[in-house]
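Spelled out from the first residue to the last, the chains are:
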Amino acid sequence: MTGVAAVAMCAAFTSCSKDSENYSYNPEQIAQNEFEARLTKYKESFVNNFGQPAANQTWGFGVGETRGAMTRANIDVNGNLEKYENCPTLGPTEEADVVNYVTNLSDKPKVAPTGLVNYFVTQVHCGTETYGNADGGNGIVGSAHMDHLVIAMQSSATISDGVLSGDWEHINNFNRGDNTDWKGNTLVENGGTFNFAYNGSEDSKYHDRWIAIDGANIDAKYAGYYYVCFDFEGSMPGKTVIKFRDENNDPRQGYVEGAWDRTLGIDQVMGKTAYVEVWDNAAGANIIKTWTVGQEGTKEWQLDNVINGNMIVQPNSSYLDWIVRLVKAQPKEVEPAKDVVRVIAEDMAGYSADDFDFNDVVFDCELDADKNVTNITLVHTGAEFSITVDGVEVHEAFGLPKNTNRPQYWTMGSGSYSFKPSKTYKVGEIPVIATQIVEVKKEDGTIEYKSKEITLDAPTGMTTGKIAVRPDFGIVPERQNIDTYTNKKFSQYVQNGGQWDTWYK
């Protein structure tokens, strides 16, 4: 959902006359106009995103489509390895192929892997290249200073001057670019591949210098693999040691930030902050305190050696310092246990380009031999407002609290709440009702709330508010376009129809 639409329409829906007899404020009409505008916009945006639905498109609710036994899927945010086939392994020969390919690349575009939501991450290569700093100091092995691999979960996640902002996740067990330290595989579920970064142990900053290689470009046998290759860089700020005598005339030292020229003397840093280690009785240990150069102690302040001075390690665009592999986590084929159909729905307020996630309500339907629904299990709600399935309010079923700032405003969440349908239904007949809320601003500036219940239907050949899928269909992450989540097969399904339960495979 895009949230509440603040509708300030006094000028448009009230008379300009000051004669109270001509006052035409009509909150119901204002709200109705907004509801209709939302629905129209939803339909337009749906077609703009996914194309015009095929004339015979029944969204999985057609006769004969909900047949065959299916298995209820577990929603396991911690990543249950038992749900997936074993991650493929690579031997020394294959690893050498990858390294050789990257070594000989001339064009190195930064293109994020696509179509990966649940995937394994595996160490492939640890570089041995030595880098020198800008002061010509001793060289360091780049891979030995690359820690804490992170992935961006959303395209809005950013990195600026080594600082992460937005939704990033740490990939456990991936540190120091060392594939000898951790040879296992880490499973990522509902993960992003928008950006990758590592933390430099020398400068404590994150760096996102990487390229992604499609394995199919190396050899056909590596199709389906992506290799993320990092280039080492560093930007440690300089520090300059200072010496002085304290109030007891004892020699002491600390440091100031920056690489200062000792030949120019202490005057260039007078009044600046110095970091000095002093004994603290309360702590029972030495602690770092900030002093001001020239104000504590005596005038015997002097500059000494520069440490880590201007330690800027320039990248060399070899991208061989650290290589990891990403491969789609393939769900295990399991023996069917029950005939179950999952319904995913969008509440039709989400008409922005990136809010067709179809996770406003997700529920599973168990069917009997005649394809009648015998049990309904609510699985998830991403709806900001009230939404019901066969009269059961999803948020209330999960025990989620109301937000009293706005009527019918709810939090989001997942759970497992089962109940029997109120009467005999086929899957497509179960009533799914979304409540829409509009803020109507009165002439005096106060807010009046108007609500409207909208039935989420799936009319044949037209835009839809719900879709039938198999229960192994994973919940689309919040505000992620369903077409991106399913590797752009959803648009093909919308426009061409086809098998109702295989378009997202």
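Up top is the structure these notes are about.
So, a few notes on the structure that sits alongside this text. (Residues numbered from 1 in each chain as written. Predicted model: local features only at pLDDT ≥ 70, side-chain atom pairs only at ≥ 80, totals over all residues. Heavy atoms only, no water.)

This part covers the overall build of the protein chain. On a plain count of helices and strands, the protein chain comes out with seven helices and 32 strands. Taking all 505 residues of the protein chain together, the buried fraction comes to 47%. For the protein chain, contacts bridging at least 24 residues in sequence account for 68% of all contacts bridging at least 6. Total accessible area computed for the protein chain in this model is approximately 24,400 Å², and 46% of it derives from carbon and sulfur atoms. (Helix = DSSP H or I, 4+ residues; strand = E, 2+ residues; numbered from the N terminus. Buried < 20%, exposed > 50% of the residue type's maximum accessible area, 1.4 Å probe, protein only. Contact = heavy atoms within 4.5 Å. Areas by Shrake-Rupley, 256 points an atom, 1.4 Å probe, with all protein chains shown as cover.)

What follows concerns the packing of aromatic side chains. Evaluated as defined, the whole model comprises 18 aromatic pairs. Aromatic pair Tyr198 and Phe230: ring centres 5.8 Å apart, planes at 90°, arrangement edge-to-face. Taken together, the positions of Tyr198 in strand β10 (residues 196-200) and Phe230 in strand β13 (residues 225-230) put the pair 32 residues apart, joining distant regions of the chain. Owing to a relative accessible area of 0%, Phe230 belongs among the buried residues under this scheme. We note Arg325 situated over the ring of Tyr225; from NZ or CZ to the ring centre the distance is 4.8 Å. Note that Lys466 overlies the ring of Phe61, its terminal NZ or CZ placed 5.6 Å from the centroid. (Phe/Tyr/Trp six-rings, centres within 6.5 Å; stacked < 30°, edge-to-face > 60°. Lys NZ or Arg CZ within 6 Å of the ring centre and 35° of its normal.)

The buried fraction of β10 is high, at five of five residues. Here β10 shows no split at all, with Phe196, Tyr198 and Gly200 on one side and Ala197 and Asn199 on the other all buried. As judged from the four bridges shared by strand β5 (residues 146-152) and β10, these two strands associate in the antiparallel manner. Across the sheet, Asp147 pairs through a bridge with Asn199, a residue of β10. Sheet analysis places β10 next to strand β11 (residues 206-207), joined by two bridges and oriented antiparallel. Within β11, the position partnered with Asn199 by the bridge is Tyr206. Between β10 and β11, which pair antiparallel one after the other, the connecting turn spans five residues, and Ser204 there sits at a positive phi close to 55°. (Pairing = 2+ DSSP bridges.)

Pairing is antiparallel across the open sheet formed by five strands, whose spatial order is β9-β2-β21-β13-β12. One side of each edge strand has no neighbouring strand; the edge strands of this open sheet are β9 (185-188) and β12 (210-214). Mean inter-strand twist for the sheet, computed between neighbouring axes without regard to direction, equals 25°. When β13 meets strand β21 (residues 322-328), the two strands line up antiparallel, connected through six bridges. (Axes fitted to C-alpha atoms, helices over the stretch in contact; angles between N-to-C directions.)

Turning to the sheet that holds β5, a few remarks are in order. Across the sheet, four strands lie side by side as β8-β5-β10-β11; this open sheet has antiparallel pairing. The two strands at the open ends of the sheet, each matched to only one other strand, are β8 (168-170) and β11.

Across its twelve residues, helix α3 (residues 92-103) extends 16 Å between first and last C-alpha, which sits within 8% of the 16 Å expected from 1.5 Å per residue. Within α3 the residues assigned to the buried category are Val98, Val99 and Val102. For α3, the buried positions fall inside an angular range of 95° around the axis, keeping them on one side. (Expected span 1.5 Å × (residues − 1). Arc of directions from axis to C-beta.)

This part takes up the environment of Asn496. Along the chain, Asn496 turns up in helix α7 (residues 490-496). For Asn496, a relative accessible area of 59% translates into the label exposed.

Along β13, six of the six residues are buried, which leaves the element largely enclosed by surrounding structure. In terms of strand pairing, β12 meets β13 through five bridges, oriented antiparallel. For Asp214, the partnering residue across the bridge sits in β13 and is Tyr226.

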